[in-house]
Amino acid sequence: MAALYEGYTLCGLVPTQDLSNSCIRGIEQERDSDHVLVTDSTRSVTLYKVSDQKPLGSWTVKQGQTLTCSAVFNSQTKEYVAVSDNKMIRIWKEEDILLDKAFKATVSSDIWRVQSVNGGEPVVLFQRGAVRLLDSLLSAPQQPIEEVLAQEEAIRWSTNIVAETQQFVIFTTEQKGDNFLYLQGLNPNTLQRYRLEGEEPGLIPLSFSASYRDKHICLLYLYPNGHVYQSVVPVRGLGTEEGTHALPLPRSLQMALPVGEGLLEAATALVLDEAHVAVVGVPHPSAGAGKDFLCIWNTNFQTLQAGKEMAGKIYGQLWCYSNKLFIPHGKTLSVIPFVCPKSSLASALGKLRQAKTEGELKEFHSRVIIMIKLFFNCKKQMTYTRNTPFLEDVQKEVEGLLSRSDMQDSQPSVGQLVSILVSRSLSDPAFYTPSTLAQLVQTQCLCHSVCPDFVLLALERKDYFLCQLCLQFFPDIPEAVTCACLKAFISGGDNCPVGLHKAVLLCLIVLTSFSSIQLFLQYLQFLYLKYSQDAFPQTHGLRSPSLAQIMDWVCLVLDAHFTVLVMTPEAKGLLLNLHNYVKSQVRLVSELGKIESSLQALHQMKVKKDVGQYSIEVIELF
């Protein structure tokens, strides 16, 4: 079954006056699966490294200017492309600091979006339906742009797809309640227009998602009544002549999602693979009202396979890159890793192209069942060592499973197997198979969410090699577990303070992702302000840091993360508060320095011996 793993925050959302808008205009994958470009709905583009949740660069247009489409990465030139105020194309490199000083070109017609696919040249789609390759457009920016759309017809959604060796620009339009699909092929140029079948009067699609499989372009679209339809267009059937005559486009009902009372308002259905769809903004069938969920549905069997409640308001936006879902909700943009293993039932029914035979599936699952029975039956054996025949049988069975080529098809079964193995190892000190566990981790079929006790078992047994593998292959290890690993690694006993093995382990900690730096700085600021006030004395009997220790930590955190904090919009207020506070402290120290010599003179003055019970003495300070 599909699974949604533990998510993490990529960045905060800048609040806007329109509370129904998440303030994110678009998210595009950059050079690889670990880098994305986030464009907000006003003026900024930020490059993030997803695994570290760190901004690597940020660029902003001037006040009064607006980014009108999401920025994309040109993989051919290693440059970024964006559009401001509908007509100005901006191109810059990562090392550029100011967008205003980068390349700019103004075109003659309003642009809907710049689209790019990995390895291909960016394509410019104009609001009136015309398409140009970026280089061709920049060679003559003021060239006339034809109008493809009819009057009162407007683009609602667009994307790019590479089908075999040809690139297609796909976009949908709306005209007086009717919806159309355009397929614009490039090199050679082809244009085909289709009319979508109508739904109930007044209902238009909330979202579209396109994919390419089996030499067909598949369009998935969601209506406010929860109906999810699919339309299929064969690529080879597209004509070589351009035309705007609308052909009827048949559709098939894929799912009828529950909508509760009324209609859906802000919802999205996004294709993940040929059998799974991610849905946001649609009620969970088993949850109460007022709760928003991100769900994965199996379209073959119309079953809900995974669901995760999302805190805060849902905006109906969803992006997917490299088995990660990007979803804005409340005041944050979250990243949710997921897996969609091929369903064994679908394989048995012949629904999948690479389906295994029924006999092969039964044989695999029977071996898993044997393994599970083996672990439960071993409770009868009270004492045994690592070299007993029983443990050898366990390892032999696991190695037999790992030798199969269809491990990815049975992730849930493997996860159940590992959970039982880890549980038994925790409950019985004499039972432990480190080599088997290491082999299971390296299959990359597991993660921390599937078996949360896995890393804790490795720490308990001081199996630092297994900890190393978990840190390397598990993408969702929580910070608390990472800190536990760090504490264990540092306390490990080497002949030298930092030996080779300890250095390797500590480097793994440094490579893991972390967050909450701003929260930590806010807490340090709170401590300093409270402890520096006479009205808030340090609690007797409680170990409390000194003011000097607090300031040392503030300096350490700022020095280590200064670049990240400066480029993070949410940290601006915190940095300004710290700046103003340090400025006031510098002013205080400066004033104290002015009277330092006078205070020293007081200590050097001779005290009169003949002083009665009461006296007044006037001291002049120069």
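Refer to the structure above for everything that follows.
Residues numbered from 1 in each chain as written. Predicted model: local features only at pLDDT ≥ 70, side-chain atom pairs only at ≥ 80, totals over all residues. Heavy atoms only, no water.

Enquirer: Go over the sheet that holds strand β13 (residues 131-133) with me, naming the residues and quoting the values.
Expert: Pairing in this open sheet of 3 strands is antiparallel, and the strands run β11-β12-β13 from one edge to the other. Of all strands in the sheet, those with a lone pairing partner are β11 (111-115) and β13, marking the two edges. Neighbouring strand axes in the sheet, compared pairwise and without regard to direction, differ in orientation by 20° on average. Alignment of strand β12 (residues 123-126) against β13, held across 3 bridges, turns out to be antiparallel. Bridging from a neighbouring strand, Val123 pairs with Leu133 of β13. (Pairing = 2+ DSSP bridges. Helix = DSSP H or I, 4+ residues; strand = E, 2+ residues; numbered from the N terminus. Axes fitted to C-alpha atoms, helices over the stretch in contact; angles between N-to-C directions.)

Enquirer: Go over helix α9 (residues 479-491) with me, naming the residues and quoting the values.
Expert: Taking 1.5 Å per residue, 13 residues should reach 18 Å; α9 reaches 18 Å between its end C-alpha atoms and fits that length. Listed as buried for α9 are Val481, Thr482, Cys485, Ala488 and Phe489. Taken end-on, α9 shows its buried residues confined to a sector of 125°, consistent with a single buried face. Facing away from the buried side of α9 by more than 90 degrees, the exposed set consists of Ala480, Cys483, Lys487, Ile490 and Ser491. (Expected span 1.5 Å × (residues − 1). Buried < 20%, exposed > 50% of the residue type's maximum accessible area, 1.4 Å probe, protein only. Arc of directions from axis to C-beta.)

Enquirer: Before we move on, can you summarise the nonpolar core with the specific residues and values?
Expert: Val418, Leu437, Phe454, Val455, Leu466 and Phe474 are the most contacted members of the largest nonpolar core, which has 29 residues in total. Among the secondary structure elements, those contributing two or more residues to this core are α5 (411-427), α6 (434-442), α7 (453-460), α8 (464-473) and α9. In this structure Val418 touches Leu440, Leu446, Cys451 and Phe454, once residues within four positions along its chain are discounted. The next biggest cluster of nonpolar side chains, apart from the first, holds 28 residues, and it includes Val83, Ile111, Phe126 and Leu191. (Core = buried A, V, L, I, M, F, W, Y, C linked by side-chain atoms within 4.5 Å. Contact = heavy atoms within 4.5 Å.)

Enquirer: Requested: an account of the pairing of strand β28 (residues 324-329), with residues and values cited.
Expert: Burial analysis of β28 places 6 of its 6 residues in the buried class, the great majority of the element. With burial as the criterion, each face of β28 is covered, one bearing Lys324, Phe326 and Pro328 and the other bearing Leu325, Ile327 and His329. Both strand β27 (residues 319-321) and β28 contribute to a ladder of 3 bridges, which runs antiparallel. Across the sheet, residue Cys320 finds its bridge partner in β28, namely Leu325. Taken together, β27 and the strand that follows it, β28, pair antiparallel across an intervening segment of 2 residues, in which Ser322 is found at a positive phi of about 50°. Examined bridge by bridge, β28 and strand β29 (residues 332-339) share 6 bridges and lie antiparallel to one another. Note that in β29 the partner of Pro328 across the bridge is Leu333. Hairpin connection, β28 to β29: the antiparallel pair is bridged by 2 residues, and Gly330 has positive phi, about 60°.

Enquirer: Run through the sheet that holds strand β5 (residues 44-49), naming residues and quoting values.
Expert: Ordered by their spatial adjacency, 4 strands build an open sheet running β3-β4-β5-β6, and the pairing between neighbours is antiparallel. Bordering the open sheet on either side are β3 (24-29) and β6 (54-60), each of which pairs with just one other strand. When strand polarity is set aside, the average angle formed by the axes of neighbouring strands in this sheet is 20°. Judged from the 5 bridges that link them, β3 and strand β4 (residues 35-40) form a sheet pairing that is antiparallel. Each bridged residue has a counterpart across the sheet, and for Gly26 the counterpart in β4 is Thr39.

Enquirer: Hey, could you go over the pairing of β29 for me, with residue numbers and the actual values?
Expert: As a general feature of sheets, a regular strand has side chains that alternate between the two faces. Counting buried residues along β29, 7 of its 8 residues qualify, which places the element largely inside the surrounding structure. Where strand β1 (residues 3-4) and β29 come together, 2 bridges link them in antiparallel fashion. In the sheet register, Ala3 faces β29, and the bridge partner there is Val339. Across 4 bridges, the pairing between strand β2 (residues 8-12) and β29 is antiparallel. Bridge pairing links Tyr8 to Val335 in β29.

Enquirer: Just give me the short version of the packing of α7 against α8, but keep the residues and values in it.
Expert: At a minimum axis distance of 8 Å, the contact between α7 and α8 shows a crossing angle of 155°. Between α7 and α8, the interaxial angle falls into the category roughly antiparallel. By crossing handedness, the relation of α7 to α8 is classed as left-handed. In this structure, α7 contributes Phe454, Val455, Ala458 and Leu459 to the contact, and α8 contributes Leu466, Cys467 and Cys470. Among the residues forming the contact of α7 with α8, the class breakdown is 7 nonpolar, no polar and no charged. (Parallel < 35°, antiparallel > 145°, perpendicular 65-115°, else oblique. Left-handed = near helix turned anticlockwise from the far one by under 90°. Nonpolar A, V, L, I, M, F, W, Y, C, P; charged D, E, K, R; others polar.)

Enquirer: Summarise the side chain of Gln317; cite the residues concerned and give the values.
Expert: Structurally, Gln317 can be placed in the loop between β26 (303-309) and β27. A polar side-chain atom of Gln317 sits 3.0 Å from the main-chain carbonyl oxygen of Ile24. For Gln317, the residues in contact, after removing those within four places along its chain, are Ser22, Ile24, Thr268, Val280, Phe326, Ile327 and Pro328. (Polar contact = N/O pair within 3.5 Å; in protein donor to acceptor, adjacent residues only side chain to side chain.)

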